[in-house]
Amino acid sequence: MENRIKELRARHNLTQEQLAQKVNVRRETILFVEKGKYNPSLKLAHKIAKTLNSKIEEVFILE
Amino acid sequence: MSKKKKYIVLITAGLILIALGFSYQLLDLAGNLISLVFINSGVIIIVIAVLNFNHLGAGVSQDEMTRKISARALSYSWLLTFALLNILFWVDYLEILKLQTQTFLTIAIFVMLFSAVIFKKLIFNIRKYE
């Protein structure tokens, strides 16, 4: 699953650490999600999308 | 109760239980079994507290990826211990080695404890470098 977290994070001027704090996970989790090495749960995907003011399908792209 | 306070309370409770267990044994106040129950309970409480302490620094104790990795590491650890105990059973049954119950239990405790920690690190590193 691809994602646009890095791009949207940059647009919102958020570091990985800040995004991690907002969605209540560790920075490593955001790092792995960004790299596509970890598929987040629906709950976390929703939180990330909400924090980045986007819809889930805009953040995560199912290949 | 804050995380740090909870951690301190757990460690203190564990140490008190261990001390009680040893005092009972030294003063011969209760049977051997009661002392052992106290000591083992204390050790288990301290192990749980130490495992949770990992998350104190990050401030996130419910991180889903960490929980998934831990769960997977625990299942691998359980499987490894199960396989090892099976091997030890047959080694004992076929009288290749004569093992006592205490040896079995000690091996199981240490293999479970250390393999869980090692598997957790391994799975995390595989994810990191894959």
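Residues numbered from 1 in each chain as written. Chains lettered and ligands numbered in written order. Predicted model: local features only at pLDDT ≥ 70, side-chain atom pairs only at ≥ 80, totals over all residues. Heavy atoms only, no water.

With respect to the overall build of chain B
Point 1. Summing up its helical and strand segments, chain B has four helices and zero strands in all.
Point 2. Each helix and strand of chain B, ordered N terminal to C terminal, gives the series α-α-α-α.
Point 3. By residue count, 25% of the 130 residues in chain B fall in the buried class.
Point 4. When contacts within chain B are restricted to residue pairs at least 6 apart in sequence, long-range pairs at least 24 apart make up 64% of them.
Point 5. Surface exposure of chain B reaches about 9,300 Å², of which carbon and sulfur atoms provide 71%. (Helix = DSSP H or I, 4+ residues; strand = E, 2+ residues; numbered from the N terminus. Buried < 20%, exposed > 50% of the residue type's maximum accessible area, 1.4 Å probe, protein only. Contact = heavy atoms within 4.5 Å. Areas by Shrake-Rupley, 256 points an atom, 1.4 Å probe, with all protein chains shown as cover.)

Side note on the confidence of the model for chain B
Residue and element names in this part refer to chain B.
Point 1. Confidence along chain B averages 84 in pLDDT terms, with 88% of residues attaining 70 or more.
Point 2. Per-element mean pLDDT across chain B ranges from 83 in helix H2 (residues 32-53) up to 92 in helix H3 (residues 64-93).
Point 3. Confidence metrics for the complex model read pTM 0.65 and ipTM 0.77. (pLDDT = per-residue confidence, 0-100.)

Some points on the packing of aromatic side chains
Point 1. Taken as a whole and assessed by the stated rule, the structure comprises eight aromatic pairs over all chains.
Point 2. Arranged with centres 5.7 Å apart and planes meeting at 65°, the rings of Phe32(A) and Phe124(B) form a pair that is edge-to-face. Highlighted residues: Phe32(A) in helix H3 (residues 27-35) and Phe124(B) in helix H4 (residues 101-129), drawn from two different chains. (Phe/Tyr/Trp six-rings, centres within 6.5 Å; stacked < 30°, edge-to-face > 60°.)

Details of helix H2 (residues 16-23) of chain A
All names here are of chain A.
Point 1. Where H2 is concerned, the buried positions are Gln16, Leu19, Ala20 and Val23. All buried residues of H2 lie within an arc of 100° about the axis, which places them on one face of the element. Exposed residues lying more than 90 degrees from the buried face of H2 are Gln21 and Lys22.
Point 2. Directly beyond the C-terminal end of H2, a positive phi value near 60° is found at Asn24. (Arc of directions from axis to C-beta.)

Thoughts on unusual backbone geometry
Across the chain, the bulk of peptide bonds are trans and the bulk of non-glycine residues have phi less than zero.
Point 1. One non-glycine residue, Asn24(A), adopts positive backbone phi at about 60°.
Point 2. Turning to its location among the elements, Asn24(A) is positioned in the loop between H2 and H3.
Point 3. At Glu95(B), a residue that is not glycine, the phi angle is positive and equals roughly 55°.
Point 4. Tracing the chain through its elements places Glu95(B) in the loop between H3 and H4.

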